[in-house]
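So the chains spell out like this:
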Amino acid sequence: MSVYHEIINLQSKNHRPNFHNVTDEVKDIVKRSGIKNGIVVVYSQHTTCSVITQESSHDLTYWGTEYMQEDLITIMEGLIPTCRAEGQYRHPGPKHIEFALSCPGEVEYGSLNTDAHLRSVFFGRSETITLVDGEVQLGDFGFIYFIDWDQVRERKRVCQVQIIGE
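Here is a short report on the structure shown in this document. (Residues numbered from 1 in each chain as written. Predicted model: local features only at pLDDT ≥ 70, side-chain atom pairs only at ≥ 80, totals over all residues. Heavy atoms only, no water.)

**Details of the side chain of Arg157**
By secondary structure assignment, the location of Arg157 is in strand S8 (residues 156-165). Looking at Arg157, the relative accessible area reads 3%, which means it is buried. In terms of polar contacts, Arg157 uses its side chain to reach the side chain of Thr48, at 3.1 Å. Among residues more than four places away in sequence, those in contact with Arg157 are Ile8, Asn9, Leu10, His46, Thr48, Cys49, Phe146, Asp148 and Asp150. (Helix = DSSP H or I, 4+ residues; strand = E, 2+ residues; numbered from the N terminus. Buried < 20%, exposed > 50% of the residue type's maximum accessible area, 1.4 Å probe, protein only. Polar contact = N/O pair within 3.5 Å; in protein donor to acceptor, adjacent residues only side chain to side chain. Contact = heavy atoms within 4.5 Å.)

**Here's the deal with the environment of Phe123**
By secondary structure assignment, the location of Phe123 is in helix H4 (residues 114-123). When its relative accessible area of 24% is taken as the criterion, Phe123 is described as partly exposed. Residues Phe123 and Val51 lie 72 residues apart in sequence; the distance between their C-alpha atoms is 7.3 Å. Not counting residues within four places of it along the chain, the set of residues in contact with Phe123 comprises Ser50, Val51, Ile52, Leu72, Met76 and Trp149.

**Quick look at the pattern of salt bridges**
The full count for this structure, using the stated rule, is 6 salt bridges. The closest approach of N and O atoms between Arg32 and Glu6, which form a salt bridge, is 2.9 Å. Placement of Arg32 in helix H1 (residues 23-33) and of Glu6 in strand S1 (residues 2-11) is noted, with a sequence separation of 26 residues between them. For Glu6, a relative accessible area of 18% corresponds to the buried category. Between Arg155 and Asp150 there is a salt bridge, with the nearest N and O atoms lying 3.6 Å from each other. Owing to a relative accessible area of 2%, Asp150 belongs among the buried residues under this scheme. (Salt bridge = Lys/Arg side-chain N within 4 Å of Asp/Glu carboxyl O.)

**Notes on the nonpolar core**
Ile8, Val26, Val40, Val42, Ile144 and Ile163 are the most contacted members of the largest nonpolar core, which totals 20 residues. When contributions to this core are tallied by element, the ones reaching two or more residues are S1, H1, strand S3 (38-44), strand S4 (49-55), strand S5 (126-132), strand S7 (142-148) and S8. Residues contacting Val42, with those up to four places away along its chain left out, are Val26, Val51, Arg125, Ser126, Glu127, Ile129, Ile144, Cys159 and Gln160. Grouped together as the second largest cluster of nonpolar side chains are 12 residues, Leu72, Ile73, Met76 and Cys83 included. (Core = buried A, V, L, I, M, F, W, Y, C linked by side-chain atoms within 4.5 Å.)

**Describing unusual backbone geometry**
With omega at 5 degrees, the peptide bond leading from His91 into Pro92 counts as cis. The residue Pro92 is located in the loop between helix H2 (67-79) and helix H3 (94-101) in this model. Positioned with a positive phi, Asn14 is a non-glycine residue whose angle comes to about 65 degrees. Tracing the backbone shows Asn14 in the loop between S1 and strand S2 (18-21). Taking relative accessible area as the criterion, Asn14 reaches 36% and is therefore assigned partly exposed. One non-glycine residue with positive phi stands out, namely His58, at about 65 degrees.

**Describing H1**
Among the residues of H1, Thr23, Val26, Ile29, Val30 and Ser33 are the ones counted as buried. Buried residues of H1 fall within an arc of 125 degrees about the axis and therefore sit on the same side. Turned more than 90 degrees off the buried face of H1, the exposed positions are Asp24 and Lys31. Of the residues one or two after H1, Gly34 is the one with positive phi, at around 75 degrees. (Arc of directions from axis to C-beta.)

In structure tokens:
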């Protein structure tokens, strides 16, 4: 059995939820791994991000978001509204703000992203996909998306890909 690991660097933008289609990058990583049969794990270490497999809807909004993704954003806005004011959610409390401000580069408003944390819980932070004969088993319409739910500020993100198999 072999294990192979790479990362995909991403950049969020526009202070909106960002859907990054990482399908081609994942397939390229699988080819470089030389592993033909096993599993591919696509993972976010960020607690305000998710990884999903979903169909592409091809049509785009003016923001460049696919219609299916915009529908997900609309549904999540109804379930977990974007944090727009201090105190809208219990988190972050004073102790968390104190901790956050002790981290280099952190700003006070940076912790007003509770909606992003809650949304990532609904969708999860990883997907495990089978690998058969060197092909990622996504079906005819499947794509892999890394979602950055955090709308507070634009950030660099890391998507981890680990392949286990032979």
